[in-house]
Amino acid sequence: MILPIISYGNSVLKKKALPISVKTKNLKSLIKDMWETMYAAQGVGLAAPQIGKSIRLFIVDTYPFSENEDLSINERNFLKTFKKVFINPEIVEENGNECVFNEGCLSIPGIREDVKRKDSIIIKFQDSNGKFIKESFSGIAARVIQHEYDHIEGILFTDKLSYLKKKTIKRKLTEISTGKIKVDYSMKFL
């Protein structure tokens, strides 16, 4: 079932999400709905707060980035098949250079801005079967994970922008929060 994506301005997007048990009733169904919702909106990641659930859960599928010819063949091949569920994740390390990448967000449609993030991470999480995993990621995969991880920490990519940049997009953010925008996927506004 496709769920409406919560728009910028809703308080659930600014809360630190709570841990969830992998034995939670209907969790598998919720994850299935999240995949369906993300694909319908043509996203590469979706965090539970974006569908109104303040729980530590997000999904990523980086396939759309595998078409980027600026990336190495190895990274494009990895991104083609990188699809994962992250339950109760914790980034334990951020390494490497700070890299700038133009980010967008399904909860903030129509706005894209350059955001600095570390090039590689180590993250602990559970998969959808409850297995505990500790894994390292770099490049685009690390960036997508960090963006979604921020969602469960109550942080939006716009929070990482300079004061001046925030000021220039303030009107657009107000339009998003009040539903004065058009999107081609289901959204829930204030």
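Values in this document were obtained by computation on a predicted structure and should not be read as measured data. (Residues numbered from 1 in each chain as written. Predicted model: local features only at pLDDT ≥ 70, side-chain atom pairs only at ≥ 80, totals over all residues. Heavy atoms only, no water.)

(A) Up close: the overall build of the chain. Helix and strand content of the chain: four helices and seven strands. The helix and strand sequence of the chain, counted from the amino end, reads β-α-β-β-α-β-β-β-α-α-β. The C-alpha atoms of the chain give 16 Å as radius of gyration, which agrees with the globular expectation for 190 residues (16 Å, within 12%). The principal-axis extent of the C-alpha atoms belonging to the chain is close to 40 × 40 × 30 Å. Put simply, the chain has 190 residues, and 46% of those count as buried. Contacts spanning at least 24 positions in sequence make up 69% of the contacts within the chain whose residues lie at least 6 apart. Of the roughly 10200 Å² of accessible surface on the chain, a fraction of 50% belongs to carbon and sulfur atoms. (Helix = DSSP H or I, 4+ residues; strand = E, 2+ residues; numbered from the N terminus. Rg over C-alpha atoms; globule rule 2.2 N^0.38 Å. Buried < 20%, exposed > 50% of the residue type's maximum accessible area, 1.4 Å probe, protein only. Contact = heavy atoms within 4.5 Å. Areas by Shrake-Rupley, 256 points an atom, 1.4 Å probe, with all protein chains shown as cover.)

(B) Seen up close, the pairing of strand S6 (residues 132–138). Summarising the sheet, strand S5 (residues 113–126) and S6 pair through seven bridges and their orientation is antiparallel. Counterpart to phenylalanine 125 in the pairing with S6 is isoleucine 133. Two successive antiparallel strands, S5 and S6, enclose a turn made up of five residues, where glycine 130 displays a positive phi of approximately 90 degrees. (Pairing = 2+ DSSP bridges.)

(C) Layout of the sheet that holds S5. The strand order S2-S3-S4-S5-S6 describes an open sheet built from five strands, whose pairing is antiparallel. Strands with a single pairing partner mark the edges of an open sheet, and in this sheet they are strand S2 (45–47) and S6. Direction aside, the axes of adjacent strands within the sheet are offset by 30 degrees on average. Where S2 lies against strand S3 (residues 57–61), three bridges are found, and the strand directions are antiparallel. Among the inter-strand pairings, glycine 45 is bridged to a residue of S3, identified as valine 60. (Axes fitted to C-alpha atoms, helices over the stretch in contact; angles between N-to-C directions.)

(D) Spatial organisation of helix H1 (residues 27–40). Here H1 spans 20 Å end to end across 14 residues, near enough to the 20 Å set by a 1.5 Å rise per residue. Turning to H1, its buried residues number three or more, namely Leu27, Leu30, Ile31, Asp33, Met34, Trp35, Thr37 and Met38. Positive backbone phi, approximately 60 degrees, marks glutamine 42, located one or two places after H1. (Expected span 1.5 Å × (residues − 1).)

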